[in-house]
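As a plain string of letters, each chain reads:
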Amino acid sequence: MTAPSPRPMRLAATPRTADILRRCYRGEIPQDVVERAVRMLATADGHLTPDGKVRNGREAAR
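Remember, it's a predicted structure, so these values are computed and weren't measured experimentally. For every chain, the first residue of the written sequence is number 1, and numbering continues from 1 along that sequence. Where totals are concerned, whole chains, interfaces and linings use all residues; where local detail is concerned, this predicted model gives features only for residues with pLDDT of at least 70, and gives and counts side-chain atom pairs only at 80 or more. Computation of side-chain values covers all heavy atoms of the structure but excludes hydrogens and water.

What to know about the overall build of the chain
Step number 1: The helix and strand labels rest on DSSP assignments: H or I over at least four residues marks a helix, E over at least two residues marks a strand, and numbering proceeds from the N terminus. Of regular secondary structure, the chain possesses 3 helices and 0 strands.
Step number 2: If you list the helices and strands of the chain from N to C, you get α-α-α.
Step number 3: Only the protein chains shown count as cover for residues, with accessible areas throughout obtained via the Shrake-Rupley method and a probe of 1.4 Å. A total accessible area of about 6,100 Å² is found for the chain, and carbon and sulfur atoms account for 58% of it.

Focus: the side chain of Thr-49
Step number 1: Mapped onto the elements of the fold, Thr-49 is located in the loop between α2 (30-44) and α3 (57-60).
Step number 2: Polar contact criterion, stated in full: a pair of N or O atoms within 3.5 Å, where within protein one must be able to donate a hydrogen and the other to accept it, and residues adjacent in sequence count only if both atoms are side-chain atoms. A distance of 2.2 Å separates a polar atom in the side chain of Thr-49 from a polar atom in the side chain of Asp-51.

Describing the environment of Leu-21
Step number 1: Among the structural elements, Leu-21 can be located in helix α1 (residues 15-24).
Step number 2: C-alpha of Leu-21 to C-alpha of Val-34: the two residues are 13 residues apart in sequence and 8.6 Å apart in space.
Step number 3: By the convention used here, residues are in contact when the closest approach between their heavy atoms is within 4.5 Å. Not counting the four nearest positions on each side in its chain, Leu-21 is found in contact with Arg-26, Pro-30, Val-33 and Val-34.

What about the pattern of salt bridges?
Step number 1: Throughout this description, the term salt bridge denotes a Lys or Arg side-chain nitrogen within 4 Å of a carboxyl oxygen of Asp or Glu. The full count for this structure, using the stated rule, is 5 salt bridges.
Step number 2: Across the pair Arg-36 and Glu-28 runs a salt bridge whose closest N-O atoms are separated by 3.1 Å.
Step number 3: Notably, a salt bridge pairs Lys-53 with Asp-51, separated by 3.7 Å at the nearest N-O pair. Taken individually, Lys-53 and Asp-51 each receive the classification exposed, so the pair is uniform in this respect. Residue burial is assigned from relative accessible area. The probe radius is 1.4 Å, only protein chains are included, and a residue is buried under 20% of its type maximum, exposed over 50%, and partly exposed in between.

Concerning the confidence of the model for the chain
Step number 1: Looking at the chain, pLDDT values average 87 and 87% of them are 70 or higher.
Step number 2: Each residue carries a pLDDT score, the predictor's confidence in it, ranging from 0 to 100. The element-level mean pLDDT for the chain is lowest in α3, coming to 58, with α1 highest at 97.

Structural data, given as structure tokens:
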């Protein structure tokens, strides 16, 4: 028997975030825009490798 897949996290956008998504990213799926933003932030903060893998504790210290 396989383990059940984890349920996706549901986040509520603040009114300001919803306004930015609506006005600046017309025609794009809001979830896709937020996912892209989180990936860019995590990469910039050093939590992801350039190919998108999560760094472990030793790699993050570099």
